[in-house]
Amino acid sequence: MCSPEEAALLRLEEVFSATLGRINSLVLQPLLEAAPEASDPWGRECLQLLQQLHRSSQQLWDVTEESLHSLRERLRRPEAVGLESLVLLHSADRVLQVHLEYIESYTCCVAVQAFQKAAKRRSEYWRGRRKALRQVLLGVSSEGSVGTALLQALRQPLAHHLQQYVLLLLSLGDTVRECHPTRELVIHAAGLFGDLQSFMRQELDQATATQALWPTLSSRLRDVLCTPTRRLLQDSQDVPVTVTPLRAERVLLFDDALVLLQGHNIHTFDLKLVWVEPEQDRCTFHLLTPEEEFSFCSKDPQGLVVWQWKVTQAVCQALREKKDFPVLGAGLEPSEPPTCRCGAYTFRSEGRFCQATYEGEWYWGRPHGKGTLKWPDGRNHVGDFCQGLEHGFGIRLVPQASEDKFDCYKCHWQEGSMCGYGICEYSTSEVYKGYFQEGLRHGFGVLESAPQAPRPLRYTGHWERGQRSGYGVEEDRDRGERYIGMWQADQRHGPGVMVTQAGVCYQGTFQADKMVGPGILLSDDDSLYEGTFSRDLTLVGKGKVTFPNGFTLEGSFGSVSGRGLHTQGVLDTAALPPDPSSTCKRQLGQGIFPVESRWQGVYGPFRDFVRAGCPGDLREALLGFHVQSSRELRKSQEYLCCERTCPEDQAGRMEDFLEELLQHREPEALQQCLRKALSNSLHPLGKLLRTLMLTFQATYAGIGANKHLQGLAQEEVKQHAQELWAAYRDLRVHSLVLPLVLPSFYAELFTLYLLLHEREDSLYSQGITSLSLFPDTKLLEFLDVQKHLWPLKDLTLTTNQRYSLVRDKCFLSATECLQKMITTVDPREKLEVLEKTYEEIEATVSRVLGRQHKLPMDDLLPLLIYVVSRAQIQHLGAEIHLIRDLMDPLHTGGLYDFLLTALESCYEHIQKEDMRLHRLPSSWSCREPW
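The rules behind the values
Sequence positions are assigned chain by chain, starting from 1 and proceeding in written order. It should be noted that, the model being predicted, local features are given only for residues of pLDDT at least 70 and side-chain atom pairs only at 80 or more, the latter also being counted only at that level, while totals for whole chains, interfaces and linings use all residues. Heavy atoms from the whole structure form the basis of all side-chain values; hydrogens and water molecules are not counted. The numbering of helices and of strands both runs from the N terminus, where a helix is a DSSP run of H or I of at least 4 residues and a strand a run of E of at least 2. Residue exposure (1.4 Å probe, protein chains only): buried if accessible area is under 20% of the type maximum, exposed if over 50%, otherwise partly exposed. Any two residues whose heavy atoms approach within 4.5 Å at even a single point are treated as in contact. For the area figures, the Shrake-Rupley method with a 1.4 Å probe applies, and any residue is considered shielded solely by the protein chains shown. Pairing between two strands is assigned when DSSP locates at least 2 bridges connecting them. Helix axes are fitted only over the stretch in contact, all axes being lines through C-alpha atoms; the angle between N-to-C directions runs from 0 to 180 degrees. We call a set of buried residues a nonpolar core when its members are Ala, Val, Leu, Ile, Met, Phe, Trp, Tyr or Cys and they connect through side-chain atoms within 4.5 Å of each other. A helix is expected to span 1.5 Å multiplied by its residue count minus one. Summarising the geometry, the arc corresponds to the directions from the helix axis toward the C-beta atoms. Here the word oblique covers every angle except those under 35 degrees (roughly parallel), over 145 (roughly antiparallel) and from 65 to 115 (roughly perpendicular). Three classes are used: nonpolar for Ala, Val, Leu, Ile, Met, Phe, Trp, Tyr, Cys and Pro, charged for Asp, Glu, Lys and Arg, and polar for all others, with Gly counted as polar. What counts as a disulfide here is a pair of cysteine sulfur atoms lying within 2.5 Å. All tallies of charge rest on Lys and Arg as positive and Asp and Glu as negative; His and the ends of each chain are not included. For salt bridges, the criterion is a side-chain nitrogen of Lys or Arg within 4 Å of an Asp or Glu carboxyl oxygen. Polar contacts, as counted here, are pairs of nitrogen or oxygen atoms within 3.5 Å of one another; within protein the pair requires one atom able to donate a hydrogen and one able to accept it, and residues that are adjacent in sequence qualify only if both atoms are side-chain atoms.

Draft legend 1. Quick look at the overall build of the chain. In terms of regular secondary structure, the chain is built from 29 helices and 27 strands. Counting the 930 residues in the chain, one finds 51% classified as buried. Relative to all contacts within the chain whose residues are 6 or more apart in sequence, the contacts with residues 24 or more apart total 52%. Carbon and sulfur atoms make up 51% of the accessible area of the chain, which amounts to about 43,700 Å² in all.

The structure is reproduced here in structure tokens:
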């Protein structure tokens, strides 16, 4: 059974639908026909507003017809169709939205007097239509303007209709049982349309007030400020207020902007970027904007409260980017605007940001968080900001004069300038990777030019205030030279070593990029010159040459173009040939570059990071970062993306690592913990190790692979291990850290050892080749191994073999064990291999004798020579010297030291001429049993 309220709703919808039809034909269609020409801006805007109103009216008529249809169905079949089927109930939110769009379209026309402008074009027509308009609604008088009549014709039917909606829906709700589910739908719809009534009144009031404002302004101000969607919320002429320090003559608060008028000057502030500070006193409140800070003052506290409340609510509404419903300040959203926001602003004041547009996050009137800066000249900066300045990671593109050429800075910033780690790719194809301070290269960094540059260079070292200063390495690929040494003011200055591609090394003093004073020159054949030089390492002036055979030439040197080197002096041929081991071991750089001060620019950031407790905000500055290439960045000038890999994902927290170190006090567990950290390139320790690898390769790889730099490199590796462990204040460097870091430097370091001991290893190889010709028994006999120690039981003979023909069978387990020495880089592990080899020799002898037997040195040495000759380890001299230089000092005088001494003795014996010429030594040196 249908209620009387439902029947009343049906009649109400029928009347409203018919009224909307008449409004469309009698008002909207003629208005569109009478709209101003679309050729001028005002006419075009007026036409667009009327067209939008016509579309909104049509949508309102459509939803009314839909509601009318559902009511008719309900009344026709009340038993089959429930109350919840009414469109007004189950689609109340959609019906509400259609009404809101109509109200918005209507009030936009009101605010800019679109009806009056359209009516003026056909005033005679509208005067003749007054009678027809009175048929649309009661109350349209025959007096008054046509515009007023049109306003009433479009507003009054809707206002009356909404009022009846609310009354009938409330009455309908009373007829539904309390617990019936449809009752909630009815109450919800009644509430919505009740709120819509209040919202419509507010919108009309604001539109009318805005319409009344425009005639009070000059045409210039009106042209700047007037837009159809803008609404006036407050005028200082209605509620007086003064603004300091700007001293505005008039203050206008719109729903999207705060406007201060000073004579002909207009100060407009986007409400999205206006912050209202908490009230200081009853007579003042403050506003913050990106470039201005001012106060609102009033002698009337109540008026000031009105202004503060309206400004606050207007800011909230602007940030939500939609009208408040039901009325301004009465919605469910928070009444206080957030301090952190997003927005765009173009700076106008003089300074670095002048004319730049910032888009991103803000906090209390300052860029704060992630954002993008764009300058009119094409510069772009995207990254992190803090209190109005670039702070944190950021990417900046700076266009150059050449087309499509940019300098790309991917750096950390602090208070507006580059500070910390950065990668800069310049339009000249140079790339800098390193540290900055106050926008200048400062600390450790690598600058490399493109291979196709006129003079391809690569500098790895320290910088100060944008210039090379301190210890650094520069490679001039064009000249085939590498300089290792001190710098000052972007020039080589102080002690330095020059290495050439031809293998010539120079050590001396530089001043203002030129060699001055005496120096040392070492050639590849170990010739030594002590004296003065020209810039291109030509001998000039007084000097002395010591040749590899011991001859010396002392006198004056010079060069004549096209005629080579000339000298006048004394040649001394009486000296005995020097010991080859002493001449080839002449080392450069040691002593003039204290090892502990060479790479402080690398160690320093790591120490600071650890001492600061490994804070997360410093982590990326220490580790560096991965970003898109500058080529990819240049493709996107509208918005630069700065996504980077996060070290936290793979490396683990540094604090956790430090805590884990404290838990592991046993050497093996501690070493395993360190190995895990050092092997991870995203861990601070792993990053530090890889940076040190970079410096090592820049110094000793390629041109730097010179035997006269071996000592410099060897002490550097030890220092790196010391520094890596120094952060944790423990002295077990050789046993814990050196084995972990040595693999990173091993290739370059071992190459230097090969070069340094090349002559010795050549003699050793000749001896090995000669001894390899012996069968086992002949070699044992040649080495004077006592026959009762020969493991003949190990020799399996075929029918046609004799003991004297079998090779590579005796002491096979010891030989295979010794060969494992070259499979590891750890000096301790190499010594363990040597110890195991001795144990295998002694085990074989004990098996032959049938009892445990300790070998005395005069028995051990020939057996060890036998095993070494059969193992045929290449470059054994380089291996032995590397072990000796890098072994743990704790092993000095112990078993490992003794075994290494025995291996050194074997190595020296194999080099001797009688070994290479198959002559049996008369006797072995007698030593105590071991």
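Draft legend 2. Highlighting the sheet that holds strand β1 (residues 232–235). With antiparallel pairing, the 4 strands of this open sheet are ordered in space as β1-β3-β4-β5. Of all the strands in the sheet, the pair left with one neighbour each is β1 and β5 (265–270). Ignoring strand direction, the axes of neighbouring strands in this sheet form an average angle of 20°. Judged from the 4 bridges that link them, strand β3 (residues 250–254) and strand β4 (residues 257–262) form a sheet pairing that is antiparallel. Within β4, the position partnered with V251 by the bridge is L260. With respect to the sheet, helix α9 (residues 181–213) is in contact with β1 and β3, its orientation differing from that of β1 by roughly 60°.

Draft legend 3. The arrangement of the nonpolar core in detail. Counting residues in hydrophobic clusters, the biggest one holds 73 residues, and the most contacted among them are F115, L154 and F193. Those residues in contact with L154 that sit more than four places away from it in its chain are I23, V27, L28, L53, Y102, Y106 and F115. Residues A713, W725, L736 and L749 belong to the second largest nonpolar core, which totals 54 residues.

Draft legend 4. Just helix α18 (residues 667–678), in detail. For α18, with 12 residues, the first-to-last C-alpha span of 16 Å sits near the 16 Å given by 1.5 Å per residue. Of all the residues in α18, the buried ones are L670, Q671, C673, L674, A677 and L678. Here the buried residues of α18 occupy an arc of 160° about the axis, which is enough to place them on one side. Exposed residues pointing more than 90 degrees away from the buried face of α18 are listed as E668 and K676.

Draft legend 5. Molecular detail of the packing of helix α4 (residues 92–111) against α9. Their axes nearest at 9 Å, the elements α4 and α9 cross at an angle of 10°. One finds that α4 runs roughly parallel with respect to α9. Residues of the contact of α4 with α9, tallied by class, amount to 16 nonpolar, 6 polar and 2 charged.

Draft legend 6. Seen up close, the sheet that holds strand β2 (residues 242–244). A sheet is described by the order of its strands in space; here 4 strands give the open sequence β2-β8-β7-β6, paired in antiparallel fashion. Both edges of this open sheet fall to β2 and β6 (275–276), since each of them pairs with a single strand only. As defined by bridge partners, strand β7 (residues 284–288) adjoins strand β8 (residues 293–297) across 5 bridges and the pair is classed as antiparallel. Bridge pairing in β8 links T284 to C297.

Draft legend 7. How the structure looks around the packing of helix α22 (residues 758–771) against helix α26 (residues 857–871). Here α22 crosses α26 at 95°, and the two axes come no closer than 9 Å. When the interaxial angle is binned, α22 and α26 end up roughly perpendicular. Where α22 approaches α26, its residues Y764, I768 and L771 are matched on the opposing element by V868, S869 and R870.

Draft legend 8. Representation of the environment of E913 in the model. Secondary-structure assignment places E913 in helix α29 (residues 913–916). The class for E913 is partly exposed, based on a relative accessible area of 47%. Remark: the alpha-carbon pair of E913 and Q766, spanning 147 residues in sequence, is separated by 9.6 Å.

Draft legend 9. Seen up close, the state of the cysteines. Evaluated as defined, the whole model comprises 0 disulfides. The thiol of C424 is not disulfide-bonded; the next cysteine sulfur, from C411, is found 3.7 Å away.

Draft legend 10. Highlighting the side chain of D859. For D859, the position within the fold is in helix α26. No salt bridge is formed by the buried D859. Its closest oppositely charged neighbour is R851, at 9.0 Å. A distance of 2.7 Å separates polar atoms of two side chains, one belonging to D859 and the other to Q786. Dropping the residues within four chain positions of it, D859 is found in contact with Q786 and L789.

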